[in-house]
Amino acid sequence: MKEQANSKSQEGRATTIRKTFSRETSVQTTIFADPAIVWALLTHESDFPRWNSTVTSVKGAIKEGGTIELKSTLDEKRTFKLTIKEFVPEKRLVWGDSQGSRVYTIDKGTGGGTHFTMSEKIGGPLFPLFASYIPPFDESFERFAADLKKEAESMQNSKS
Amino acid sequence: MTTDQLTAEFETFQGELESFLLRMTASVQDAEDIVQDTYLKTQAKIHTFRGDSSLKTWIFSIASNLARDLLRSKKRWPETITDICREETLHNRQFFQEALQIREMSPQGKFEIKEHIAFCFTCVSKSLPLEQHLALLLREVYGFKVAEIAVILNQTEAMVKYYLHVSRNRLIEIFDHRCSLINKEGICYQCTELNGIYNPKQKAQEELVKIEMARDAETKSKEELFDLRMKILQELDPFESGAAELELHHLEHNRQVMENHLEENQ
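Rules and cut-offs
Counting restarts for each chain: residues are numbered from 1 in the order of the written sequence. To read the labels, note that chains go from A and ligands from 1, taken in the order they are written. Restriction of local features to residues with pLDDT of at least 70 applies here, the model being predicted, together with a cutoff of 80 or more for giving and counting side-chain atom pairs; totals for whole chains, interfaces and linings are based on all residues. Heavy atoms from the whole structure form the basis of all side-chain values; hydrogens and water molecules are not counted. A run of DSSP states H or I qualifies as a helix once it reaches four residues; a run of E qualifies as a strand once it reaches two. Both are numbered from the N-terminal end. Here the radius of gyration uses the C-alpha set of atoms, whereas the globule reference equals 2.2 Å times the residue count to the power 0.38. Partly exposed describes any residue whose relative accessible area lies between the buried limit of under 20% and the exposed limit of over 50%, with all areas from a 1.4 Å probe on protein chains only and scaled to the type maximum. Note on areas: Shrake-Rupley, 1.4 Å probe, and residue coverage restricted to the protein chains presented here. Only four residue types enter the tally: Lys and Arg on the positive side, Asp and Glu on the negative side, with His and both chain ends excluded. Where a charge lies is defined by one atom per residue type: Lys uses NZ, Arg uses CZ, Asp uses CG and Glu uses CD. Here, two residues are considered to be in contact whenever any of their heavy atoms come within 4.5 Å of each other. Nitrogen and oxygen atoms within 3.5 Å of one another constitute a polar contact, given that in protein one can donate a hydrogen and the other can accept it, and given that sequence-neighbouring residues count only through two side-chain atoms. Ring pairs are drawn from Phe, Tyr and Trp, using the six-membered ring of Trp, whenever the two centres fall within 6.5 Å, and their geometry is named by plane angle: stacked under 30 degrees, edge-to-face over 60, tilted for the rest. Here, a charge over a ring means that NZ of Lys or CZ of Arg falls within 6 Å of the ring centre while also lying within 35 degrees of the ring normal. Residue-level confidence of the predictor, termed pLDDT, takes values from 0 up to 100. Here, a salt bridge means any side-chain nitrogen of Lys or Arg that lies within 4 Å of a carboxyl oxygen of Asp or Glu.

Draft legend 1. Just the overall build of chain A, in detail. Each helix and strand counted, chain A has five helices and eight strands in total. Overall, chain A shows an N-to-C arrangement of helices and strands of α-β-β-α-α-β-β-β-β-β-β-α-α. Taking 160 residues into account, the globule formula puts the C-alpha radius of gyration at 15 Å, and chain A, at 15 Å, falls close to it. C-alpha extents for chain A along the principal axes are approximately 55 × 35 × 25 Å. Of all 160 residues assigned to chain A, the portion counted as buried reaches 44%. For chain A, the exposed area adds up to about 8,300 Å²; of that, 52% sits on carbon and sulfur atoms. With 23 positive and 21 negative side-chain charges, chain A shows a separation of 3 Å between the mean positions of the two kinds.

As structure tokens, this is what we get:
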């Protein structure tokens, strides 16, 4: 299903697949910067609010087995307590809680670009009960991807 | 390469190395010790130098590793360092007695706002994470290229670009918020305040127009003002300037205040 979501998504535009017991939003974009720069941006927690307009604060450590407390513009009153579930440098980062996981992938694409995807699947047996209280992620995902692309490309093109 | 050749080469950038280490450690003693250790290590390992980078880059990488070893276990300074140290200084009569004596007696005891701007940067930049601090100084003050810094820090060029971008933006933000020379809303005016103490007959405004960064504060962008700040550092040798002894005395005071402050706030 995830492959289906990705194949349908356009550059920088989020897509959401809704099911009875789950919802999955994804976005993908090509970033003309080294994967190491994209990875550095995704894993330096204290720097997030500077470049990412969807995140207001991240505390903790984005590292193998680490935990973070994240505040997002989606729901500014709520603090998301998340565990780093996968940490494969310059390739894959997954964080989440019992309700869902956010997956980031980075691939060295062809033509000098880095292919970046971000997806989040939330769900479970009780999902239909609380689904209407969860805001849509699409706009936030698009801004996240656009901010990441802008910041990484700006770094890539800085004087050397 | 013979020992004599190595010594001759080393001496061509020893001053630069010592200045870099002073700005990393904020300690004359530590800077001098690391320069000495770097030389000894260089001499012992010269047979391993293959010329993949310049000798200067290789030696700076040895020195940077020694600085890292020293600083890794120490806490970074808060960006409000100048406020904290100012409060301590106001209650320290001995500090001012010593400083005024240096001012009177030493040929390197002049107070100049420009030199204090460089001093202030040394203190505030110690709030950056260690790797970012190293990368920023190497690039912005000592003119190393990204590829050379990658060798010195044993990092990828991409990571060095990340460090440079983040650290530069961070300091631009800190100085824009704090420095009254570049922003009328800035909360720190210590350089002009000290100028009033050390040079009571001088008019601070007349001095400020001589400093490009302060003179052009309203017309230049934040990025350009940061470049002008870096230009001041590039042009000053903290050991050789006309204000060296006064500023080094002040730096040692701030270092001690910071060590006590960080210990008390552990």
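Read on for the rest.
Draft legend 2. View of the overall build of chain B. Per the secondary structure count, chain B includes 14 helices and zero strands. For chain B, the α and β elements follow one another from N to C terminus as α-α-α-α-α-α-α-α-α-α-α-α-α-α. Relative to its length of 266 residues, chain B is compact, with a C-alpha radius of gyration of 19 Å against a globular reference of 18 Å. Once the C-alpha set of chain B is aligned to its principal axes, its extents read approximately 55 × 40 × 40 Å. A buried classification covers 54% of the 266 residues belonging to chain B. When contacts within chain B are restricted to residue pairs at least 6 apart in sequence, those whose partners lie at least 24 apart make up 75%.

Draft legend 3. Structural context of the environment of Thr114 of chain A. Residues and elements named next belong to chain A. Tracing the chain through its elements places Thr114 in strand β8 (residues 114-123). On the basis of relative accessibility, which here comes to 0%, the residue Thr114 falls in the buried class. Here the alpha-carbon distance between Thr114 and Lys149, two residues 35 residues apart in the chain, equals 9.7 Å. Among residues more than four places away in sequence, those in contact with Thr114 are Thr29, Thr30, Ile31, Ala33, Asp34, Pro35, Val38, Ile106, Asp107 and Gly109. Of note is the side chain of Thr114, whose polar atom sits 2.6 Å from the backbone oxygen of Ala33.

Draft legend 4. The packing of aromatic side chains, seen in detail. Inspection of every chain in the model, using the stated rule, returns 22 aromatic pairs over all chains. Summarising the aromatic geometry, the rings of Phe10 of chain B and Phe13 of chain B are spaced 6.2 Å apart at their centres and angled 50° between planes, so their arrangement reads as tilted. In this pair, Phe10 of chain B and Phe13 of chain B both sit in helix α1 (residues 3-25), three residues apart, roughly one turn of the helix. Each member of the pair, Phe10 of chain B together with Phe13 of chain B, is buried. In textbook terms, an aromatic cluster arises when at least three aromatic residues are bridged by ring pairs, as seen for Phe10, Phe13, Phe20, Tyr39, Phe60, Tyr142 and Phe144 of chain B. Geometry around Phe137 of chain A places Arg23 of chain A over its ring, the cationic atom sitting 4.6 Å from the centre. The positively charged end of Lys126 of chain B is found above the aromatic ring belonging to Trp77 of chain B, 5.0 Å away from the centroid.

Draft legend 5. A look at the confidence of the model for chain B. Residues with a pLDDT of 70 or more make up 100% of chain B, whose mean pLDDT is 93. For this predicted complex, the interface confidence reaches an ipTM of 0.77, while the overall pTM sits at 0.87.

Draft legend 6. Expanded view of the pattern of salt bridges. Applying the stated criterion to the full structure yields 26 salt bridges over all chains. Among the salt bridges present, the one from Glu131 of chain B reaches Arg68 of chain B, with a minimum N-O distance of 2.7 Å. With Glu131 of chain B in helix α7 (residues 130-141) and Arg68 of chain B in helix α3 (residues 55-71), the pair connects residues that are 63 residues apart, well separated along the chain. This pair shows no difference in class: Glu131 of chain B is buried, exactly as Arg68 of chain B is. Here the salt bridges share partners, and the residues they tie into one network are Asp47, Arg50 and Glu151 of chain A.

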